Amino acid sequence: MMTGFLISVTYLLYYAARPGVRVKRGFTTSSTEFILIELDRSLTFPSAEYIRYILLKASSSCGENKLTLVIDCRHIQFADFTAVQGLIDLIELFKKRGQLILLWNVKESLIRILKKVDDETHIVKSEDHLEEILDTNEEKKSSQKGIQIQVSDHSEGEN
């Protein structure tokens, strides 16, 4: 009986620490590419580090650290403070790298927790809004690539 109990507890802890995560490539109607991350359950402290690992791995392997990540939050009913803080820290890390993380299909309960921790989190309300942000972000990147800085030497030659 005790063995069965320990196996059940171990299984529950593993289940809490390893949520199902699906990583897909997505495209807007104007062909802007992004990475779609689908989580199958709520964000809790045990799962925070695993989700961080998956997002960093997806960013580097699927998007060469350049594509925007869209996290589909439709299955996230609850998030504890520590997991939300870890997500906010990850969003800041990506922002420093010039990458955007968008939270899509976010439930009102999760929005309240996110706003308590960070007021600047990119929460996307609809598919149209998501596409607009993705396309605008791609246009900004494209216009920045087109800027070329030329340095010329205007010093006087030796006499």
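Thresholds applied
Residues numbered from 1 in each chain as written. Predicted model: local features only at pLDDT ≥ 70, side-chain atom pairs only at ≥ 80, totals over all residues. Heavy atoms only, no water. Buried < 20%, exposed > 50% of the residue type's maximum accessible area, 1.4 Å probe, protein only. Helix = DSSP H or I, 4+ residues; strand = E, 2+ residues; numbered from the N terminus. Right-handed = clockwise from strand over helix to strand, strands pointing away. Pairing = 2+ DSSP bridges. pLDDT = per-residue confidence, 0-100. Contact = heavy atoms within 4.5 Å. Phe/Tyr/Trp six-rings, centres within 6.5 Å; stacked < 30°, edge-to-face > 60°. Lys NZ or Arg CZ within 6 Å of the ring centre and 35° of its normal. Axes fitted to C-alpha atoms, helices over the stretch in contact; angles between N-to-C directions. Left-handed = near helix turned anticlockwise from the far one by under 90°. Nonpolar A, V, L, I, M, F, W, Y, C, P; charged D, E, K, R; others polar.

1. Things to note about the pairing of strand β4 (residues 101-104)
Phase 1 of the analysis: Side chains I101 and L103 of β4 all project onto a buried face; the interleaved residues L102 and W104 project onto the opposite face, where all are buried too.
Phase 2 of the analysis: Handedness of the crossover joining strand β3 (residues 68-72) and β4 through helix α3 (residues 81-96) is recorded here as right-handed.
Phase 3 of the analysis: Sheet topology note: the β4/strand β5 (residues 123-124) ladder contains two bridges and is parallel. In the strand pairing of β5, L103 is matched with I123.
Phase 4 of the analysis: Handedness of the crossover joining β4 and β5 through helix α4 (residues 108-117) is recorded here as right-handed.

2. Quick notes on the pairing of strand β1 (residues 21-27)
Phase 1 of the analysis: The sheet contact formed by β1 and strand β2 (residues 33-39) spans seven bridges and is antiparallel. Bridge pairing in β2 places R22 opposite E38.
Phase 2 of the analysis: Once β1 ends, the chain turns through five residues before running back antiparallel as β2, passing S31 with a positive phi of about 70°.

3. Looking at the confidence of the model for the chain
Phase 1 of the analysis: Here the chain averages 84 in pLDDT, and 90% of its residues register 70 or above.
Phase 2 of the analysis: Across residues 146-159 the pLDDT falls below 50, and counting only partners more than four positions away or on other chains, this stretch makes zero contacts in the model.

4. A closer look at the packing of aromatic side chains
Phase 1 of the analysis: Counted according to the given criterion, the structure contains zero aromatic pairs.
Phase 2 of the analysis: Directly above the ring of W104 sits R74, whose terminal nitrogen or CZ lies 6.0 Å from the centroid.
Phase 3 of the analysis: Lying over the aromatic face of F94, R97 brings its terminal NZ or CZ to 4.4 Å of the ring centre.

5. With respect to unusual backbone geometry
Phase 1 of the analysis: Look at N65: it is not a glycine, yet its phi comes out positive at around 55°.
Phase 2 of the analysis: Here the phi dihedral of N105 falls at roughly 60°; this positive angle occurs in a residue that is not glycine.
Phase 3 of the analysis: Relative to the assigned elements, N105 resides in the loop between β4 and α4.
Phase 4 of the analysis: For N105, a relative accessible area of 24% corresponds to the partly exposed category.

6. Considerations on the packing of α3 against α4
Phase 1 of the analysis: Relative orientation of the contacting elements α3 and α4 amounts to 65°, with a least axis distance of 10 Å. In terms of crossing hand, the pair formed by α3 and α4 is right-handed. Here α3 contributes F81, V84, Q85, L87 and I88 to the contact with α4, which in turn contributes L110, I113, L114 and V117.
Phase 2 of the analysis: By residue class, the composition of the contact of α3 with α4 is eight nonpolar, one polar and no charged.

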